[in-house]
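Architecture and fold: a report
Here is how the chains run, residue by residue.
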Amino acid sequence: MSIPSGYTTRPLEQGDATAVFELMAAQERHDIGEAVIEEADIVGDWARPSHDLGASSLGVFDGDHLVGYGEVVGHERGDAAVHPDHRGRGLGTAIATWMQDKARERGYSVIGMPVPADSPGDRLLEALGYHVRWNSWVLQLPEGATIPDRELPEGYAVRAAEESEYAACWTVQEDAFLEWADRDREPFEDWRAEIVGRPGFEPWQLRCVTDASGAVVAMANVQLGPGGGFIARLATDKNERGRGLAQCLLVDSFREAVAHGAKSCELSTDSRTGALSLYEKVGMVVTSNWVNRAIAL
């Protein structure tokens, strides 16, 4: 890695979360017209017990100002940002090289990251030999729009999950996500840090559907931020699909978000899940397109 002269580097610390948020938000506003990242996302991610921030991150500074950032977040996945005012100086290439080296140290065979489609970051990674692994989309339920109520099957109920059910929610989510995600099962304590430990979390934000026996068979996590409500996780037990549980959870989650002050609601999905058409059918519209690019090491 060769950082251009005039810049300094160091590993990041927990106290750098605000600076990283401001950097990533500036990049997103420049590239897609809005900031979708929230500081709480970074704080929750860094709070995972398995994550060693100092050994996994790189900050690039112009004086005291953070202008570049790279991080190997987890298995074969990273995040990075360069402030728009400092592009074209080789920082992005240097950070990408650092991420590849860090991934090799950990024995990974691939490293990738999400970037807005056709953004400067997307074009840079393509030029560096990164291929598209999958596409993803952010969808929004416009302000004032509603999704028609869906009735649950007899004996099923939708409500806030109780703390004793958090592990069951994690199990439902991981079982569902691992049907298409090529990664190891996320430890429960990491999941808990990202969801329950996320700044601002309130118990109503973890929703679940239970069957007639009281077992959790579907779950959703609603996040509430300045931009409105965001459905961060949505999963249904594979043995319970085809009964409309996910749509009932969507209706419930959106209603709860609005009741707690959200003006609009969003979620994201990607081409591995095949769920895009489902969300479009209930009135959601695509607001931004992303690609996950990766390179073999």
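Relevant structure appears above.
The structure reproduced in this document is the subject of the present report. (Residues numbered from 1 in each chain as written. Predicted model: local features only at pLDDT ≥ 70, side-chain atom pairs only at ≥ 80, totals over all residues. Heavy atoms only, no water.)

1. A closer look at the packing of helix α1 (residues 17-32) against helix α2 (residues 39-46)
Put simply, the test is: A fitted line through C-alpha atoms represents every axis, and for helices the fit uses only the stretch in contact; the resulting angles, taken between N-to-C directions, go from 0 to 180 degrees. Numbered from the N terminus, helices here are DSSP runs of H or I no shorter than four residues, and strands are runs of E no shorter than two. For classification purposes, angles smaller than 35 degrees are called roughly parallel, those larger than 145 roughly antiparallel, those between 65 and 115 roughly perpendicular, and all remaining angles oblique. Crossing handedness is defined as follows: a turn of the near helix away from the far one that is anticlockwise and smaller than a right angle gives a left-handed crossing, while the clockwise case is right-handed. The contact rule is simple, with two residues in contact once any of their heavy atoms fall within 4.5 Å. The classification used treats Ala, Val, Leu, Ile, Met, Phe, Trp, Tyr, Cys and Pro as nonpolar, Asp, Glu, Lys and Arg as charged, and all other residues, Gly among them, as polar.
Where α1 meets α2, the closest approach of the two axes is 9 Å, and the angle between their N-to-C directions is 130°. It follows that α1 is oblique to α2 by the angle criterion. The two elements α1 and α2 cross, and the hand of that crossing is right-handed. On α2, the residues touching A17, T18, V20, F21 and M24 of α1 are E39, I42, V43 and W46. Of the residues belonging to the contact of α1 with α2, the class tally is seven nonpolar, one polar and one charged.

2. Overview of the nonpolar core
Worth spelling out the cut-off: Residue types Ala, Val, Leu, Ile, Met, Phe, Trp, Tyr and Cys, when buried and joined through side-chain atoms within 4.5 Å, form a set referred to as a nonpolar core. In this scheme, a residue with accessible area under 20% of its type's maximum is buried, one over 50% is exposed, and one in between is partly exposed, where area comes from a 1.4 Å probe on protein chains only.
Among the nonpolar cores identified, the biggest contains 27 residues, and L139, V209, L234, F254, L267, Y279 and M284 are the most heavily contacted of them. When residues in this core are grouped by element, the largest group, six residues, is from helix α8 (residues 245-259). Non-local contacts of L234, meaning those with residues more than four positions away in its chain, are made with F177, M219, A220, A246, L249, L250 and Y279. Membership of the second largest hydrophobic core comes to 23 residues, among which are I3, V82, Y108 and V115.

3. Description of unusual backbone geometry
One non-glycine residue, E76, lies in the positive phi region at around 60°. E76 sits in the buried class, given a relative accessible area of 11%. Positioned with a positive phi, D118 is a non-glycine residue whose angle comes to about 65°. Position of D118 among the secondary structure elements: in the loop between β5 (110-116) and α5 (120-127). Take D118: its relative accessible area is 56%, and that puts it in the exposed class.

4. Structural notes on the environment of R255
Positionally, R255 belongs in helix α8. What makes R255 partly exposed here is its relative accessible area of 45%. Through-space distance from the C-alpha of R255 to that of T146 is 8.7 Å; in sequence the pair is 109 residues apart.

5. Thoughts on the pairing of strand β3 (residues 65-74)
Definition in use: By this definition, two strands are paired if DSSP reports at least two bridges between them.
Burial analysis of β3 places eight of its 10 residues in the buried class, which makes it a mostly covered element. As judged from the six bridges shared by strand β2 (residues 57-62) and β3, these two strands associate in the antiparallel manner. Among the inter-strand pairings, D62 is bridged to a residue of β3, identified as H65. Hairpin connection from β2 to β3: two residues lie between these consecutive antiparallel strands, with G63 at a positive phi of about 70°. In terms of strand pairing, β3 meets strand β4 (residues 77-82) through six bridges, oriented antiparallel. What sits directly across from V72, in β4, is G78. The turn joining β3 and β4, which pair antiparallel and follow one another in sequence, is formed by two residues; a positive phi near 60° is taken by E76.

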